[in-house]
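Examining the three-dimensional arrangement
Read off the chains here:
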Amino acid sequence: MDKKPVKKTSVQNGSAPLSHPPKEEKATMLQKEVGLISGVCLIVGTMIGSGIFISPKAVLVGTGAVGPCLCVWAACGVLATLGECVCVFMCVCLCVCVCMGCCGVLATLGALCYAELGTMIPKSGGEYPYLMEAFGPVWAFLYSWTTILIVKPASFAIIALSCGEYAATPFYPGCTPPLLVTKSFAAATIFLICLVNCLSVKLASYIQNFFTAAKLFIILIIVVAGIVLLAQGNTQNLTNAFDGGATSFGAIGLAFYNGLWAYGGWNQLNFITEELKNPHRNMPLAIIIGIPLVTVCYVLVNIAYFSAMTPTELLQSPAVAVTFADRVLYPLSWVVPLFVVFSTFGAANGSCFTAGRLTYVAGREGHMIKILSYISLKYYTPAPALIFNGFLAFLYILPSDINTLINYFSFARWGFSGLTALALIVMRFTRRDLHRPVKVPVMIAVLVVVVSVYLVLAPIIDKPELEYLYCTIFILSGLIFYLLFIHYKFQWSHTIMRPITMHLQLLMEVVPPEKMN
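This is a predicted model, so every value here is computed, not measured.

Some remarks on the overall build of the protein
When helices and strands are tallied, the protein shows 19 helices and 2 strands. By residue count, 58% of the 517 residues in the protein fall in the buried class. Of the accessible surface of the protein, which amounts to about 21,600 Å², a share of 69% is contributed by carbon and sulfur atoms.

Some words on a nonpolar patch on the surface
A surface patch of nonpolar side chains, about 460 Å² in accessible area, is lined by Phe-191, Leu-192, Leu-195, Leu-199 and Tyr-379. Given the relative accessible area of 41%, Leu-192 is considered partly exposed.

Considering the environment of Ala-286
Structurally, Ala-286 can be placed in helix H11 (residues 279–308). Placed 17 residues apart in sequence, Ala-286 and Leu-269 show a C-alpha to C-alpha distance of 8.6 Å. Non-local contacts of Ala-286, meaning those with residues more than four positions away in its chain, are made with Leu-36, Gly-39, Val-40, Ile-43 and Leu-269.

Quick notes on the pattern of salt bridges
For the structure on display, the rule yields 6 salt bridges. Two residues, Glu-133 and Arg-431, come together in a salt bridge whose shortest N-O distance is 1.9 Å. A residue pair is termed long-range when its members are at least 10 positions apart, and Glu-133 in helix H6 (residues 127–135) and Arg-431 in the loop between helix H16 (402–430) and helix H17 (442–462) qualify at 298 residues. One network of salt bridges, with partners in common, ties together Glu-116, Arg-428 and Arg-436.

Some words on the packing of aromatic side chains
Pairs of aromatic rings are described using the distance from one ring centre to the other and the angle between the two planes. Scanning all chains against the criterion turns up 13 aromatic pairs. For the pair Phe-141 and Trp-145, a centre-to-centre distance of 6.2 Å together with 25° between the ring planes defines the contact as stacked. Of the two residues, Phe-141 and Trp-145 are both situated in helix H7 (residues 137–168); the distance of 4 residues between them amounts to about one turn of the helix. The exposure classification of Phe-141 matches that of Trp-145, with both residues buried. Geometry around Phe-271 places Lys-152 over its ring, the cationic atom sitting 4.2 Å from the centre. Here Arg-357 stacks its cationic end above the ring of Phe-353, 4.0 Å away from the centre of that ring.

Comments concerning the nonpolar core
Of all hydrophobic cores here, the largest spans 138 residues; its most connected members are Met-47, Phe-156, Trp-266, Leu-269, Ile-291, Tyr-305 and Phe-324. In terms of residue count, H7 provides more of this core than any other element does, 18 residues in total.

Observations concerning helix H9 (residues 201–231)
In this model, H9 (31 residues) spans 45 Å end to end at C-alpha, consistent with the 45 Å of a helix rising 1.5 Å per residue. Where H9 begins, the side chain of Ser-200 points an oxygen toward the backbone nitrogen of Lys-202, at a separation of 3.2 Å. Where H9 terminates, the next one or two residues include Gly-233, which has phi positive at roughly 100°.

Considering the confidence of the model for the protein
Predicted coordinates in areas of low pLDDT are best not read in detail. On average, the protein scores 79 in pLDDT, and the residues at 70 or more come to 76%. Confidence drops under pLDDT 50 across residues 3–22; counting only partners more than four residues distant or on other chains, this segment forms 15 contacts. Between residues 83–102, whose pLDDT stays under 50, and residues either more than four places distant or in other chains, the model counts 60 contacts.

Concerning helix H18 (residues 466–487)
The α-helix winds at 3.6 residues per turn, so residues separated by three or four positions along the chain end up facing the same way. For H18, spanning 22 residues, the distance from its first C-alpha to its last is 31 Å, which sits close to the expected 32 Å at 1.5 Å a residue. Along H18, the sharpest kink reaches roughly 30°, centred on Phe-481.

A few points about the packing of H11 against helix H13 (residues 320–328)
H13 packs onto H11 with a crossing angle of 50° between their chain directions and a minimal axis gap of 10 Å. The orientation of H11 with respect to H13, classified from their angle, is oblique. The crossing of H11 and H13 is left-handed. Where H11 abuts H13, its residues Ala-304, Tyr-305, Ser-307 and Ala-308 lie against Val-320, Ala-321, Phe-324, Arg-327 and Val-328. Classifying every residue of the contact of H11 with H13 gives 7 nonpolar, 1 polar and 1 charged.

So, the environment of Ile-150
Residue placement: Ile-150 occurs in helix H7. Along the chain, Ile-150 and Tyr-396 lie 246 residues apart, while their C-alpha atoms are 9.0 Å from each other.

Re unusual backbone geometry
Following Tyr-330, the chain continues to Pro-331 via a peptide bond in cis, the omega torsion being 10°. Here Pro-331 lies in the loop between H13 and helix H14 (335–364). The backbone phi angle of Glu-509 is positive, close to 55°, even though this residue is not glycine. Position of Glu-509 relative to the elements: it lies in the loop between helix H19 (493–508) and strand E2 (510–511).

A look at the packing of helix H8 (residues 179–199) against H14
The description of two helices packed together rests on the angle between their axes and the distance between the axes. Two numbers describe how H8 lies on H14: the axes approach to 10 Å, and their chain directions differ by 55°. As the angle between them shows, H8 and H14 are arranged oblique. Remark: the crossing between H8 and H14 carries right-handed chirality. Counted together, Thr-189, Leu-192, Ile-193, Cys-194 and Asn-197 of H8 and Phe-345, Ala-348, Asn-349, Cys-352 and Phe-353 of H14 form the full contact between these two elements. Taken together, the residues of the contact of H8 with H14 sort by class into 7 nonpolar, 3 polar and no charged.

Things to note about the environment of Val-511
By the element assignment, Val-511 lies in strand E2. The exposure class assigned to Val-511 is buried, which follows from its relative accessible area of 4%. A C-alpha to C-alpha distance of 8.6 Å links Val-511 and Ile-371, two positions 140 residues apart in sequence.

A closer look at the state of the cysteines
Summed over all chains, the structure comprises 0 disulfides. A disulfide-free cysteine, Cys-352 has its sulfur positioned 4.1 Å from the sulfur of Cys-194, the nearest such atom.

Calculation rules
- Residues numbered from 1 in each chain as written.
- Predicted model: local features only at pLDDT ≥ 70, side-chain atom pairs only at ≥ 80, totals over all residues.
- Heavy atoms only, no water.
- Helix = DSSP H or I, 4+ residues; strand = E, 2+ residues; numbered from the N terminus.
- Buried < 20%, exposed > 50% of the residue type's maximum accessible area, 1.4 Å probe, protein only.
- Areas by Shrake-Rupley, 256 points an atom, 1.4 Å probe, with all protein chains shown as cover.
- Patch = residues over 30% accessible without salt bridge, like charges linked within 9 Å, V, L, I, M, F, W, Y side chains within 5 Å.
- Salt bridge = Lys/Arg side-chain N within 4 Å of Asp/Glu carboxyl O.
- Contact = heavy atoms within 4.5 Å.
- Phe/Tyr/Trp six-rings, centres within 6.5 Å; stacked < 30°, edge-to-face > 60°.
- Lys NZ or Arg CZ within 6 Å of the ring centre and 35° of its normal.
- Core = buried A, V, L, I, M, F, W, Y, C linked by side-chain atoms within 4.5 Å.
- Expected span 1.5 Å × (residues − 1).
- Polar contact = N/O pair within 3.5 Å; in protein donor to acceptor, adjacent residues only side chain to side chain.
- pLDDT = per-residue confidence, 0-100.
- Bend = angle between axes of the 7 residues up to and from the residue.
- Axes fitted to C-alpha atoms, helices over the stretch in contact; angles between N-to-C directions.
- Parallel < 35°, antiparallel > 145°, perpendicular 65-115°, else oblique.
- Left-handed = near helix turned anticlockwise from the far one by under 90°.
- Nonpolar A, V, L, I, M, F, W, Y, C, P; charged D, E, K, R; others polar.
- Disulfide = S-S within 2.5 Å.

Structure (structure tokens):
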């Protein structure tokens, strides 16, 4: 049943030719339908999701004061970008870092490294093809094993839960919405987003662009309101901003964890490289435009929060943005939770879009079951991979809470991000022959590796938690599956998976992808 159906011709058995040329047949593979604007919206729309509306509390807990809190937000942005940008942009990012403080720096560093890798190895799947090229199939499999089964669906679930929480909050003024209601909204969000992404790449891109514009609009409202408050003299929370700041090695690491969660998404274009138009040009440009924009928005939004709330009031707020709106924008305070729902919905859409591509690529390389690499014959989307990711995300919203998932997500994510930066260093020596349209100083990659090691180890050393042990055991357990089903090629598909694959293929109308040129 794996064979592709025979395509029909437009002229049959001597019939007269058509008066207009037949519609061009598309190859059964992912199409290049993502342009520069959609690329920028994917980065901005995925980065600005639930984090800026939830993480401010967690970052403030880790830093202990307003000043260090703002510095962490700025530093995270620079680290994310230095993994994905062009070399010239580094100077601009450093200037931004000096001007605004210190999580923007980290996002910038990461983005620079990923820009070189993405233009050097133009394959979808994020870190997966880079680890495959640098370290071989074992590390690539462990990454796909962890990311597909834990990291990506957990991220999707976190954002969907955030969307559900903000959607339910207006119906329960003055108290936290019931968990069942929040999870019901989250489940509906996951279902709707998966449906849209399965039906059309263009439709998913249009939705991403619309919701990105919506979230930038609500951020503008919050920032302008904050500026007005500061102009009226509400600066007491920003004076002596560094008094009482935390200096604990692990506490700062946890603050960066939560700040970098809000910056998650800076590497999203690397997951869809094969669908990006002119990736050598559009990938660096999208990063140059997207990440600094997000960094500036995050710092200004946090300043606006502190213009209306004391640190204690911010920590006690169940939904920071909603509390801010109730105090500053009444009687139009309902606008903020509405647009926050738009923001988190857009971020969930971007997360689902990219997660499906990683699952698709892993299936294509034989590191996941074959059906996950199939493409919809009608819509040219990786429908089985998208549905699989949505199903796992639905499972994650049942027992977990947001903070536990964030810690679980960050622990694994930054371990593989550091390994990917190390891959860039290794390939400078082992793959000198590869063309590098974007080439960054190797010291940037070294710095990303060092910071990633810190982000992995600092919270464990300061406050050991069982979740870190569970994560490590899960990652290493992937070796068992790799040895059985990939290295030794244990044959079980003919008796178990083949009939399942055949029926799923018929049900979803999907076919194996054609090979890339």
